[in-house]
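Structural overview
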Amino acid sequence: MFVEFIRNNKVVAGILTFLRVYLGYQWVTGGWGKITGGFDATGFLQGAVSQATGDHPAVQPWWAAFLETVAIPNAELFTFLVMWGEFLVGIALILGIFTNFAALMGIIMNFAFLFSGTVSTNGQMILLTIFILVAGYNAGRYGLDRWVIPFLKAHNPIETRRHKKEIATV
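The numbers attached to residues start from 1 for each chain and follow its sequence in the written order. Two thresholds apply to this predicted model, a pLDDT of at least 70 for residue-level local features and 80 or more for giving and counting side-chain atom pairs, whereas whole-chain, interface and lining totals are computed over all residues. In computing side-chain properties, one takes all heavy atoms of the structure into account and sets aside hydrogens as well as water.

**Thoughts on the overall build of the protein chain**
So the rule is basically this: Counting from the N terminus, the helices are DSSP H or I runs at least four residues long and the strands are E runs at least two residues long. Within these notes, the globule rule equals 2.2 Å times the number of residues to the 0.38 power, and the radius of gyration is based on C-alpha atoms.
The helix and strand inventory of the protein chain stands at nine helices and zero strands. Secondary structure elements in the protein chain, listed N-terminal to C-terminal, are α-α-α-α-α-α-α-α-α. Against the compact-globule benchmark of 15 Å for 170 residues, the protein chain has a radius of gyration of 19 Å, which places it well outside the compact range. The C-alpha extent of the protein chain, read off along each of the three principal axes, is 65 × 35 × 35 Å.

**Thoughts on a nonpolar patch on the surface**
Stated precisely, the cut-off is as follows: A residue counts toward a patch only above 30% relative accessible area and without a salt bridge, and it is joined to like-charged neighbours within 9 Å or, for Val, Leu, Ile, Met, Phe, Trp and Tyr, to nonpolar neighbours within 5 Å. Note on areas: Shrake-Rupley, 1.4 Å probe, and residue coverage restricted to the protein chains presented here. Put simply, a salt bridge is a Lys or Arg side-chain nitrogen that is within 4 Å of an Asp or Glu carboxyl oxygen. Type-normalised accessible area, obtained with a 1.4 Å probe on protein chains alone, sets the label of each residue: buried when under 20%, exposed when over 50%, and partly exposed for intermediate values.
A surface patch of nonpolar side chains, about 640 Å² in accessible area, is lined by V21, Y25, I91, I94, L95, L144 and W147. For the nonpolar patch, the secondary structure elements donating two or more residues are α2 (10-36) and α5 (75-95). Take the nonpolar patch: its biggest share by element is three residues, from α5. Among the secondary structure elements, I94 is positioned in helix α5. Taking the relative accessible area as the measure of exposure, I94 reaches 32% and is therefore partly exposed.

**Remarks on the pattern of salt bridges**
Under the defined criterion, the tally for this structure stands at one salt bridge. Among the salt bridges present, the one from K34 reaches E86, with a minimum N-O distance of 3.2 Å. Of this pair, K34 sits in helix α2 while E86 sits in helix α5, and the two are 52 residues apart along the sequence. For K34, a relative accessible area of 21% gives the class partly exposed.

**Considerations on α2**
Defined as follows: By definition here, a helix of n residues has an expected span of 1.5 Å times n minus one. By definition in these notes, contact holds between two residues if any of their heavy atoms fall within 4.5 Å. Polar contacts, as used here, are pairs of N or O atoms within 3.5 Å; protein pairs need one atom able to donate a hydrogen and one able to accept it. Residues neighboring in sequence count only if both atoms are side-chain atoms.
Over its 27 residues, α2 runs 38 Å from end to end, which matches the ideal 39 Å to within 8%, given 1.5 Å per residue. For α2, every residue scored as buried is listed here: V12, A13, L16, T17, L19, R20, L23, G24, W27, V28 and G31. Taken together, the buried residues of α2 touch α1 (2-8), α5, α6 (99-115) and α7 (122-135). Measuring from the backbone nitrogen of V11 back to the side-chain oxygen at the start of α2 gives 2.7 Å, which picks out N9 as the cap. G38 occupies a position one or two residues after α2 and carries a positive phi of about 70°.

**Regarding the packing of α2 against α7**
Formally: Where helices are involved, their axes are fitted lines through C-alpha atoms of the stretch in contact, as for all axes, and angles between N-to-C directions lie from 0 to 180°. For classification, angles of less than 35 degrees are called roughly parallel, those exceeding 145 degrees roughly antiparallel, those between 65 and 115 degrees roughly perpendicular, and all remaining angles oblique. In a left-handed crossing the near helix is turned counterclockwise from the far helix by less than a right angle, and in a right-handed crossing that turn is clockwise. Charged residues are taken to be Asp, Glu, Lys and Arg, nonpolar residues to be Ala, Val, Leu, Ile, Met, Phe, Trp, Tyr, Cys and Pro, and polar residues to be all remaining types, Gly included.
Running from N to C, α2 and α7 cross one another at 135°; their axes reach a closest spacing of 10 Å. The angle between the axes of α2 and α7 places the two elements in the oblique class. As α2 runs across α7, the sense of the crossing is left-handed. Residues L16, L19, R20, Y22, L23, Q26 and W27 of α2 lie in contact with α7, whose contacting residues are Q124, M125, L128, T129, F131, I132 and A135. Tallied by class, residues from the contact of α2 with α7 come to 10 nonpolar, three polar and one charged.

**Thoughts on the side chain of T129**
Summarising the element assignment, T129 is placed in helix α7. In this structure, T129 is in contact with L23, A103 and I107, ignoring residues within four places of it in sequence.

**A word on the nonpolar core**
For soluble globular proteins, nonpolar side chains are generally found buried alongside one another. As a reminder, the rule being used: To define a nonpolar core, start from buried Ala, Val, Leu, Ile, Met, Phe, Trp, Tyr and Cys residues and group those joined through side-chain atoms within 4.5 Å.
Residues L16, L23, W27, L93 and I132 are the most contacted members of the largest nonpolar core, which totals 19 residues. Elements with a minimum of two residues in this core: α2, α5, α6 and α7. No other element matches α2, which puts five residues into this core. With sequence-adjacent residues up to four places away left out, I132 is seen in contact with L16, L19, R20, L23, T99, N100, A103 and A139.

Below you can see the structure in the form of structure tokens.
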């Protein structure tokens, strides 16, 4: 009942628009600050790995192993992905285009930051993003998704073939 309400109600769509734009602004400002500020993820990644020791580590050993074997050797790539990922997720959320995909990428980044021992606003952003993800299309109703999603559905070759097949069997 709640899921149907959050997915279909137009008033909820307005509230979700506010949440979406707020989250988008957070992502854009974070990403833009990294793009223009000479961000390098190497120090952050090494700091996260150093927190994977002791009885109650802030970073779990499995995540530290990932950071050591994959992220640190490719720190330049991860630097690029973080700064541009944050910026582009923010733009997409503000504009309401590909809202669900942007929210999914945002929540993945938030979890990666949490796994790396950074709390900050990540928990709050995850909670708000969950509402956007559960709402589905309704989260982008008052954004560019209002036009983009129907257009893509109408021009999807798989759906077109399926529709023609359904008509042929009737």
